[in-house]
Amino acid sequence: MQLKPTMALKAATDLQNEKRARLLEVIDKLRELGVSESVSLPQLVVVGDQSSGKSSLLEGLTGLSFPVASDLCTRFATQIVLRRAPEDEAGAKITIIPGPSSQMDDALDKKLKAFERTLDADHFGSDEFVRVFDEAAETMGIPGPSTTNIENIEKRFSDDILKIELSGPEHHHLSVVDVPGLFHNPTKYQTEEDKVIIRTLIKDYITDKRTIILAVMDARNNLANQGVFSMARAADPAGQRTVGIITKCDAVEKGDEAGVIRIAKNQVEKLTHGWFAVKNRSTREIEEGVTIEGRHRKEKEFFTGNAPWKELRKDRVGIHSLKKFLGGLLYDHIRSEFPNVVKDIEASLSMAEGELELLGPSRQTSIDQRRFLNRMVNMYQKEVDDALGGNYDPELSERSALKLRMHVQALNIEFSSMMSKRGHARVFRNPDDGVDPEFNQPQPKPASPESPAPATENIYDWIRRIYRDSRGTELPGTVNPKVLETLFRQQSAPWKNIALAHIAKVNGAVKTYNQQILVKVIRDEEVRSKLASPRATLEFSRILEDERGGILQTVNHYYADTLSAIRDDRVRARLKNQMGLQENQHSYFDLNSVMKTIHLSNEDQAVYDIHDILKAYYKVALKRFTDNVVIQIVERHILGQSGPVRALCSDMMNELDESELLDLAGENFMTSSLRNELANKCERFQEALEIAKHAGV
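Residues numbered from 1 in each chain as written. Predicted model: local features only at pLDDT ≥ 70, side-chain atom pairs only at ≥ 80, totals over all residues. Heavy atoms only, no water.

### What about the overall build of the protein?
Secondary structure assignment for the protein yields 24 helices and 9 strands. Burial status across the protein gives 48% buried among its 697 residues. Once local pairs closer than 6 in sequence are excluded, the contacts in the protein between residues at least 24 apart make up 78%. Here the protein displays about 35200 Å² of accessible surface, and carbon together with sulfur accounts for 51% of that area. (Helix = DSSP H or I, 4+ residues; strand = E, 2+ residues; numbered from the N terminus. Buried < 20%, exposed > 50% of the residue type's maximum accessible area, 1.4 Å probe, protein only. Contact = heavy atoms within 4.5 Å. Areas by Shrake-Rupley, 256 points an atom, 1.4 Å probe, with all protein chains shown as cover.)

### A few points about the pattern of salt bridges
On inspection of all chains with the given rule, the structure shows 28 salt bridges. Here Glu 414 makes a salt bridge to Lys 505, at a shortest N to O gap of 2.8 Å. With a gap of 91 residues between them, Glu 414 in helix H13 (residues 404–422) and Lys 505 in helix H16 (residues 495–521) connect regions that are remote in the sequence. (Salt bridge = Lys/Arg side-chain N within 4 Å of Asp/Glu carboxyl O.)

### With respect to the confidence of the model for the protein
This prediction gives the protein a mean pLDDT of 79; 78% of its residues lie at or above 70. Considering only residues more than four positions removed or in separate chains, one finds that residues 1–15, a stretch of pLDDT under 50, has 2 contacts. Every residue in residues 533–538 scores below 50 in pLDDT, and together they form 16 contacts with partners more than four places removed in sequence or on other chains. (pLDDT = per-residue confidence, 0-100.)

### With respect to the packing of aromatic side chains
Under the definition given, this model contains 11 aromatic pairs. A centroid spacing of 5.7 Å and a plane angle of 85 degrees characterise the contact between Phe 488 and Trp 495, whose relative ring orientation is edge-to-face. For the pair formed by Phe 488 and Trp 495, the shared burial category is buried. Among the aromatic side chains, those forming a connected cluster through ring pairs are Phe 428, Phe 488, Trp 495, Tyr 617, Tyr 618 and Phe 625. A cation over an aromatic ring shows up here: Arg 316 above the ring of Phe 325, its NZ or CZ 5.0 Å from the ring centre. (Phe/Tyr/Trp six-rings, centres within 6.5 Å; stacked < 30°, edge-to-face > 60°. Lys NZ or Arg CZ within 6 Å of the ring centre and 35° of its normal.)

### Focus on the packing of helix H6 (residues 192–206) against helix H7 (residues 227–235)
Direction vectors running N to C along H6 and H7 enclose 35 degrees, while the axes themselves pass 10 Å from each other. As H6 runs across H7, the sense of the crossing is right-handed. Between H6 and H7, the residues in contact are Arg 199, Ile 202, Lys 203 and Ile 206 and Met 231, Ala 232 and Ala 235, respectively. Split by residue class, the contact of H6 with H7 holds 5 nonpolar, no polar and 2 charged. (Axes fitted to C-alpha atoms, helices over the stretch in contact; angles between N-to-C directions. Left-handed = near helix turned anticlockwise from the far one by under 90°. Nonpolar A, V, L, I, M, F, W, Y, C, P; charged D, E, K, R; others polar.)

### Brief notes about the sheet that holds strand S9 (residues 275–277)
The strands making up a sheet associate through backbone hydrogen bonding, with each pair oriented either parallel or antiparallel. Pairing is mixed in the open sheet, where 9 strands are placed in the order S4-S3-S5-S2-S6-S1-S7-S8-S9. Among the strands making up the open sheet, the edge pair consists of strand S4 (116–120) and S9. Along the sheet, successive strands turn relative to each other by an average axial angle of 20 degrees, direction set aside. Looking at chain direction, strand S7 (residues 211–218) and strand S8 (residues 242–247) are connected through 6 bridges and run parallel. Within the sheet, the bridge partner assigned to Ala 215 lies in S8 and is Gly 244. (Pairing = 2+ DSSP bridges.)

### As for helix H10 (residues 292–305)
The end-to-end C-alpha separation of H10 is 20 Å, in line with the 20 Å expected for 14 residues at 1.5 Å each. Looking at H10, one finds that the buried residues are Ile 292, Gly 294, Arg 295, His 296, Glu 299, Phe 302 and Phe 303. Tucked into the core, H10 has its buried residues touching helix H2 (54–62), S9 and helix H11 (319–359). (Expected span 1.5 Å × (residues − 1).)

### Remarks on the pairing of S7
Side-chain positions along a regular strand alternate between the two faces of the sheet. Judged by how many residues are buried, S7 sits mostly within the fold: 8 of 8 residues are covered. Taking every second residue as pointing to the same face, both faces of S7 are buried, with Thr 211, Ile 213, Ala 215 and Met 217 on one and Ile 212, Leu 214, Val 216 and Asp 218 on the other. Relative to S7, strand S1 (residues 43–48) runs parallel, the two sharing 6 bridges. Residue pairing in the sheet places Leu 44 in a bridge with Ile 212 of S7.

### What to know about the packing of helix H12 (residues 366–388) against helix H23 (residues 658–665)
Their axes nearest at 9 Å, the elements H12 and H23 cross at an angle of 60 degrees. The orientation of H12 relative to H23 falls into the category oblique. In this structure, H12 meets H23 at a crossing whose hand is left-handed. Residue-level inspection shows Ser 366, Gln 369, Arg 370, Phe 372 and Leu 373 of H12 in contact with H23, the latter providing Glu 658, Leu 661, Leu 662, Leu 664 and Ala 665. Taken together, the residues of the contact of H12 with H23 break down into 6 nonpolar, 2 polar and 2 charged. (Parallel < 35°, antiparallel > 145°, perpendicular 65-115°, else oblique.)

### Topic: the pairing of S8
Of all 6 residues that make up S8, 6 are buried, and the element is covered over most of its length. On S8, burial covers both faces: Thr 242, Gly 244 and Ile 246 on one face and Val 243, Ile 245 and Thr 247 on the other are all buried. Crossover connection from S7 via H7 to parallel S8: handedness right-handed. Two strands pair when backbone bridges link them, and S8 and S9 are joined in this way by 3 bridges, in the parallel orientation. Bridged to Gly 244 within S9 is Trp 275. In this region the chain leaves S8, passes through helix H8 (residues 257–264) and returns to the parallel neighbour S9; the handedness of that crossover is right-handed. (Right-handed = clockwise from strand over helix to strand, strands pointing away.)

### Overview of the environment of Lys 310
If you trace the backbone, Lys 310 turns up in the loop between H10 and H11. What Lys 310 contacts, discounting residues up to four positions off in sequence, is Phe 303 and Thr 304.

Below is the structure:
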């Protein structure tokens, strides 16, 4: 059976209305779930200066007789939802959607959600709505329209939303949010502080990229003088999200109409969605009892029978044209933004679940507390293993403190270089009396009280002085072993400070790493602060004492080889010097004269022997000490199982008694509240996701 054109048109209209109603209902449910706290929802927001005709505009859109001068009293946002419904279902339902601050108080949250008032079609009068507004305001804990003394009230504004749902056959499916009007001159009832709060509230709404701004302009006032438009222009510079609405057209002075007409034709402030002009009830008409139906009739007569207003397009004047346009605009806006809304809900759910996971399960009992700590330890140890193994997250920056092994390796190389360049108190010499290139950067001053003589003193003079000052019962030309020990301690005096500086740098790198990694694996700041103290016990003093405080010992063949090579080089150098030979040059010689030339006094022989033995042993000890600092101190005691980089371990957690567990991992009120809040968020986001995915958009 084929439908007649009028029947087909009605069927298409009904289907369109059904789609709009379903989509608006989905957005309303998401808002009621508190999703808008984290996810931006598509919405229409009415903004305007006080006395701009905003309340009268809403009256025309909704059919509601708002309280007189409600802009002066309203201290919360109001969401007005219009739904087309049969005559027998006409009515109003008023509820409160708790704001973010109220949701943090369980008792207040329940109290606000329990607020509900219903009115039938016969009770849409101004007096009834004043009563309902007063009751809602009292529930929110703020002054209402009938409050006369608000000078000493502690709470003056609320982030809760009063929701008014209107059903009836005359409505288009539409939802708008009304915010308090912007005022410019403070009074005893509206302070400078109130002005700032309202401006901030308006800004929060209109800067949301998914908000369509319904900017109300008083036709009698210059556009540049109306503060809301400067705010709308700042929030939406291209005018892509703004609909201009001109009120009080009937009150414009003769001769001023042309300027208003140019604005209405989108020739001055050019907006993507253009401008609308409306005529609301005047104060006189309200006093004379002109009804809402009468208002619509007078508005139509005004724009069709009065020049120059009749020049405006018919679909751009009157409340009916505006309501029809806004219904279609909101529907299209929601439909285009909906896929991104779903993505944002999914992202918010994932973030809330991640934060909840970091908190771990409830920690009310000792079993819960131990399980929580062991879970944190396992996560921490895995991160440490990855960091020490060079298995870094590819998202880390090049110099991230979490790249621990990279930083430690660089510090070890720097330490080895510093030991080679700065570890000796005096420069060793080559057999030809030149400076040994391995030791060409002496300390500029004595390294410690153990080396009181100037560090610039020639090493042979230094050895000779110590040798003479230390003579005992040994035969001439022989060396007292204690002399070598004294010389070695003085020559290696800088080691301590260089090594301590290196250890401090490694500990600093570990400390920075721990600070960052603990933030990653432990959400609870209080627990994190208690677990952050290092537990390393360094044995640096023992290693230093072994190397510099005991007897000089080594079985490393490198020492003997080095000493032998130094002595050979010394003999060759003296021979070549005596005979004036160049490198690789040969000559016949007299053995007796040569022996006389290379013969040294007992003291000179002792000095050179001491120098060569000290040099050979120093090289061995330097490498050994450097390796020991890296292996024994850095690797074992800083990066090892008992070091600060392993500050958290299962053994430590398992050894804690119940009182220690409670002190360390017991859940405080703040953590418990945070867990409940996150669990509630996850539940709400999950429910919102189910609603969104079954919306059929």
